[in-house]
Amino acid sequence: MSSSCRRPEHMAPPEVFYNEAEAKKYSQNSRMIEIQSQMSERALELLSLPEGHPCFLLDVGCGSGLSGDHLTEEGHCWVGIDISTAMLDVALDREVEGDLVLGDMGQGMPFRPGTFDGCISISALQWLCNADKKTHSPPKRLYTFFSTLYSSLTRGARAVFQIYPENSEQLELITAQAMKAGFTGGMVVDYPNSTKAKKFFLCLFAGVSGVLPKGLDSDTADRGVPNQVQFSGQRSRFKNMKGKSVKKTRDWILEKKERRRRQGREVRADTKYTGRQRKPRF
Amino acid sequence: MKLLTHNMLTSHVKGVTKGYPLLIKATEVKVSEVEFNPQFVSRMIPKLEWSALVQAAEEVGHLNDLPTELLPDYENNEEFLRKVHRVLLEVEVLEGSLRCPESGREFPISRGIPNMLLNEDEA
């Protein structure tokens, strides 16, 4: 992807960045689909919904419905909200089961109190931390979002956000506004020692103090991404990177003699004795 | 936009105290078939504003024989649950608009998606 080395939220506001071309690319990229699927699965796991009960959930920043499909798969009914018409159009084309709403999360959730049994959000919250317009104040928008979300959740419901925080200040800003809005909870970090596999999940509880689930680590069984090289008995021999022979070996000597012959100097003939190991006494 | 979602939507414009229920003006309505889950329907009923649901169903022309008052002991009444299921999940508004009862502000609906984006002065 063109923006892989930069943060997308530094390039343009979300409704501009996720235009038709980007929306199409996003939803057809198999790697993106796989990652989003995995994160949605993990977020749903962290939501700890009661087994076998179909619930009414909110998907914030639902985009083209990649995460929403997962909710449908688990038997839940959901409403998705997103700011990009292009992404929502792709969701419609993909015929997602959830109801879609076009809205700006920083303006507040337009729902009645006690509507949802839970909320998930995949890779969306970091967009709120940047001021895209002169009138935007990120802390205020974050607070508006969290406070309206808090009221639209039933007592005891959870909200799980998978985010890509830019730095610790951003993380602090987000958690501070969430706490101010009345949420309890904290961050769950999966694979904290791996740069590639590390994922941040902000788990918030509305009304009931819950126990924060543990983050995944490479020590925990099958899902681990190995972040340590297993003991290897081999001594690694590095080939000479420059492509030249190591100095003073027989190859080097022969090359040097050839070079000097080309220069026109008088050089001894190459024999089986060339470059042979002599006794130290020599 | 399903009527279940409509029952939960309010106007969140700054300064509006009674932005619910939003009045539906539908130009295109669709009825589809959705798998009936009695457990989900009976769990959602206590969350609903019943009068708003009846009003919405009437506005889209699908009131049919939905009772105007919520029946007690609805959990075991499968016929009633089916009627509710139909109105909540099978009737969809594709084109039209939602109108705030207090301010009159309209939220357009296009391809089934209501546009709840607010202007700078409304947020």
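The model shown is predicted, which means the values in this text are computed figures rather than measured ones.

A. Structural context of the sheet that holds strand S4 (residues 116-122) of chain A. Residue and element names in this part refer to chain A. What the 7 strands build is an open sheet, ordered S3-S2-S1-S4-S5-S7-S6; its pairing is mixed. With one partner strand each, in any of the chains shown, strand S3 (99-102) and strand S6 (184-190) form the two edges of the open sheet. With strand direction ignored, the average angle separating the axes of adjacent strands in the sheet is 20 degrees. The pairing of S4 with strand S5 (residues 153-163) spans 6 bridges and is parallel. Bridge pairing in S5 places Ser121 opposite Phe161.

B. Structural view of unusual backbone geometry. Here the amide bond leading from Tyr20 of chain B into Pro21 of chain B is cis, since omega sits at -5 degrees, within 30 degrees of zero. Within the fold, Pro21 of chain B resides in the loop between helix H1 (3-8) and strand S1 (23-31). Residues other than glycine seldom take positive phi values, yet Ser123 of chain A does so here, at roughly 55 degrees. Structurally, the position occupied by Ser123 of chain A is in the loop between S4 and helix H6 (138-152).

C. Spatial organisation of the pairing of strand S7 (residues 199-205) of chain A. Residues and elements named next belong to chain A. Counted residue by residue, S7 has 7 buried out of 7 residues, so it is predominantly covered. When S5 meets S7, the two strands line up antiparallel, connected through 6 bridges. In the sheet register, Gln162 faces S7, and the bridge partner there is Phe201.

D. A look at helix H7 (residues 168-180) of chain A. Residues and elements named next belong to chain A. Counted at 1.5 Å a residue, the expected span for H7 with its 13 residues is 18 Å, and the 18 Å between its end C-alpha atoms agrees. Residues Gln170, Leu171, Ile174, Thr175, Gln177 and Ala178 constitute the buried set of H7. Down the axis of H7, the sector holding all buried residues measures 160 degrees, keeping them to one side. Structural note: H7 exposes Glu169, Glu172 and Lys180 on the side pointing more than 90 degrees away from its buried face. Those residues of H7 that are buried lie in contact with H6, S5, S6 and S7. Gly182 lies just past H7 and shows a positive phi near 110 degrees.

E. Region of the structure containing the state of the cysteines. Residue and element names in this part refer to chain A. For the coordinates displayed, the defined rule picks out 0 disulfides over all chains. No disulfide involves Cys62; its nearest neighbouring cysteine sulfur is the one of Cys119, lying 11 Å away. Residue Cys62 is classed as buried on the basis of its relative accessible area, which comes to 4%. Of all cysteine sulfurs in the structure, the one in Cys119 sits closest to Cys203, which takes part in no disulfide; the separation is 11 Å.

Each value, and the rule that gives it
Residues numbered from 1 in each chain as written. Chains lettered and ligands numbered in written order. Predicted model: local features only at pLDDT ≥ 70, side-chain atom pairs only at ≥ 80, totals over all residues. Heavy atoms only, no water. Pairing = 2+ DSSP bridges. Helix = DSSP H or I, 4+ residues; strand = E, 2+ residues; numbered from the N terminus. Axes fitted to C-alpha atoms, helices over the stretch in contact; angles between N-to-C directions. Buried < 20%, exposed > 50% of the residue type's maximum accessible area, 1.4 Å probe, protein only. Expected span 1.5 Å × (residues − 1). Arc of directions from axis to C-beta. Contact = heavy atoms within 4.5 Å. Disulfide = S-S within 2.5 Å.

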